[in-house]
Every structure is written in structure tokens, then in C-alpha cells.
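In case you want the letters, here they are:
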Amino acid sequence: DGGITQSPKYLFRKEGQNVTLSCEQNLNHDAMYWYRQDPGQGLRLIYYSQIVNDFQKGDIAEGYSVSREKKESFPLTVTSAQKNPTAFYLCASSSRSVNTEAFFGQGTRLTVV
Amino acid sequence: AQSVTQLGSHVSVSEGALVLLRCNYSSSVPPYLFWYVQYPNQGLQLLLKYTSAATLVKGINGFEAEFKKSETSFHLTKPSAHMSDAAEYFCAVSLPGYGNKLVFGAGTILRVKS
């Protein structure tokens, strides 16, 4: 079945550590996205990529980094520079056609301990 | 800049009652509009999308939404609420030529009372 797989589902990080969240899709989509979700704030765009080896900052990119070496994969690294990393992180993908919806993974809940 | 406003962070209805979740957008050009649903600790699932082919859009699980350009609105409705409709609902907008980036509203949590 086609879809988006995020791993792990739950992740705990000590302060000062970098962690990487995995996102893999087999939908043959060109575009991939990372969103952060906090209660009452909806989803905010962290980074997005329209094509392999290219990505753009979203609205809240500070403290995060990404790579897009393969079409299927778009990992997100939460660095120690992100001061408030505890949140629910959602990865999505879509085609580049106009008026196309994004498909979402099941999310990773990151908690700083 | 495009933005989305969802009126009411929490909406409570009785089972069998009408569901109305409000969404207004601000955009200088006609946007593409979407409604998503999220169950606890899960990803988002598409309910419906506005394609400009018809102003009244029907989606899954009996939901529908009407695009009203004059009111810049895209409210989500369902004639009769079911307990399984309890979830959080997000309205989202994207603009042509902006790479299909979605801008989301803050979400509305729907509670269904028995």
C-alpha cells in the first residue's frame, strides 16, 4: 500500500542533543513537507522540498535542518538550537500539480526530558 | 499573504444535530481550499477539497462544504452528527504557484454528546 511512514512514533530527547525524525514515502511524490503541531496553533510549516536536492525554509525553520538526497526520503533534524522542541511533528507529501492535496504520515511526538 | 481563520476552537453538538465548522480565508486571488480531520495522536486525513469546478463540495463521511467568494468562506457542515465525528478539524488554503504549500487554521475540536 502506498503511503507515508514516519518513525519513531514517540521520541525522547535530552536537552542539548540533536535528534533526527524519519519520513519515507512511496507515493512517487515530488514535494515533501514538515509541519510542527502545538495545541491551539494548528500546523506550522518548518521546511519543504519540491524536488530532490532542493529545499526551502518555512515559517519556523530556526533550530531545524533537513536533507533531500532521495525522492522517497525527507528526514528532519531537530538541533540543540531549537529552544522549545517538544511538539507533534507531521510529515506530508504531494504531487506538484495544482490543486492537489497533501498526504500525511502518522506523526512523531517529540518530548524533551 | 494568505491566512485562514477558524471561528471557535471548540464546538459541541448533540448526536444527530447539525455540525457547522466555520472557516474564513484571506487571499487576493482565488485559493485552493481543503478540510482535514485529525483523530488523537494521528496524522491528518483529507475530508474534501475545493477545485473551483463546483461551489458545493461533497466529501467523505457525509461532510460537505460550500465555497462563498463574496464571504471568503468555506464552512464545513454535516446534517447529522455521529459519535465517531468527534475529532479535530483543520481548514487549509494554498495558492496557485506557491508549490502547494498549505497554510492551516488553528483547528476546531468537535465534541459530540450522546
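In case you missed it, the structure is sitting above this.
Fair warning: this is a prediction, and the values are worked out from it, not measured in the lab.

Engineer: Quick one: what's the story with the pairing of strand 9 (residues 87-94) of chain A, residue by residue and with numbers?
Structural biologist: All names here are of chain A. With eight of eight residues buried, strand 9 is to be regarded as a mostly interior element. The alternating pattern of strand 9 places A87, Y89, C91 and S93 on one face and F88, L90, A92 and S94 on the opposite face, and all of these are buried. Relative to strand 9, strand 4 (residues 31-37) runs antiparallel, the two being bridged by seven bridges. Paired with Y35 across the two strands is L90, which belongs to strand 9. Relative to strand 11 (residues 108-112), strand 9 is paired through three bridges, and the arrangement is antiparallel. Paired with F88 across the bridge in strand 11 is R109. Note: strand 9 against strand 10 (residues 103-104), two bridges, orientation antiparallel. From the neighbouring strand, S93 faces strand 10, where its bridge partner is F103.

Engineer: Please set out the sheet that holds strand 3 (residues 19-25) of chain A residue by residue, giving values where relevant.
Structural biologist: All names here are of chain A. Pairing within the open sheet is antiparallel, and its four strands lie in the order 1-3-8-7. One side of each edge strand has no neighbouring strand; the edge strands of this open sheet are strand 1 (4-7) and strand 7 (64-66). Direction aside, neighbouring strands of the sheet carry axes that sit 20 degrees apart on average. Looking at chain direction, strand 7 and strand 8 (residues 76-78) are connected through three bridges and run antiparallel. Counted as the bridge partner of V66 is L76 from strand 8.

Engineer: Tell me about the interface of chain B and chain A, residues and numbers included.
Structural biologist: If you look at the interface, chain B gives 21 residues, while chain A gives 26 residues. Carbon and sulfur atoms make up 49% of the surface buried where chain B meets chain A, a total of about 1,900 Å² over both sides. When the buried surface of chain B facing chain A is broken down by residue, B:N41, B:N100 and B:K101 rank first, second and third, together holding 29% of it. If you look at where chain B meets chain A, you find one salt bridge. Across the pair B:K49 and A:E101 runs a salt bridge whose closest N-O atoms are separated by 2.7 Å. Applying the counting criterion to the chain B and chain A interface returns seven residue pairs in polar contact (both at pLDDT 80 or more). For the side of chain B that touches chain A, the elements supplying multiple residues, two or more each, are strand 5 (32-38), strand 6 (44-50) and strand 10 (87-94) of chain B.

Criteria and thresholds
Residue numbering note: each chain is counted from 1, following its sequence as written. To read the labels, note that chains go from A and ligands from 1, taken in the order they are written. Given that the model is predicted, a residue must reach a pLDDT of at least 70 before its local features are reported, and side-chain atom pairs must reach 80 or more before they are shown or counted; all residues, however, enter totals for whole chains, interfaces and linings. Side-chain figures throughout are based on the complete set of non-hydrogen atoms in the structure, without hydrogens or water. Burial status follows relative accessibility: with a 1.4 Å probe on protein chains alone, a residue under 20% of its type maximum counts as buried, one over 50% as exposed, and anything between as partly exposed. Think of it this way: any DSSP run of H or I at least four residues long counts as a helix, any run of E at least two long counts as a strand, and we number them from the N terminus. What makes two strands pair is DSSP finding at least two bridges between them. Angular values range over 0 to 180 degrees, each being the angle between N-to-C directions of two axes fitted as lines to C-alpha atoms, with helices fitted over their stretch in contact. Contacts are assigned to residue pairs with any non-hydrogen atoms lying within 4.5 Å of each other. The buried area of a pairing is the accessible area, by a 1.4 Å probe, that goes missing from both parts when the two are put together, added over both. Any Lys or Arg side-chain nitrogen located within 4 Å of an Asp or Glu carboxyl oxygen qualifies as a salt bridge. Here a polar contact is recorded for every N or O atom pair within 3.5 Å, except that within protein the pair must consist of a potential hydrogen donor and a potential acceptor, and residues adjacent in sequence are included only if both atoms are side-chain atoms.

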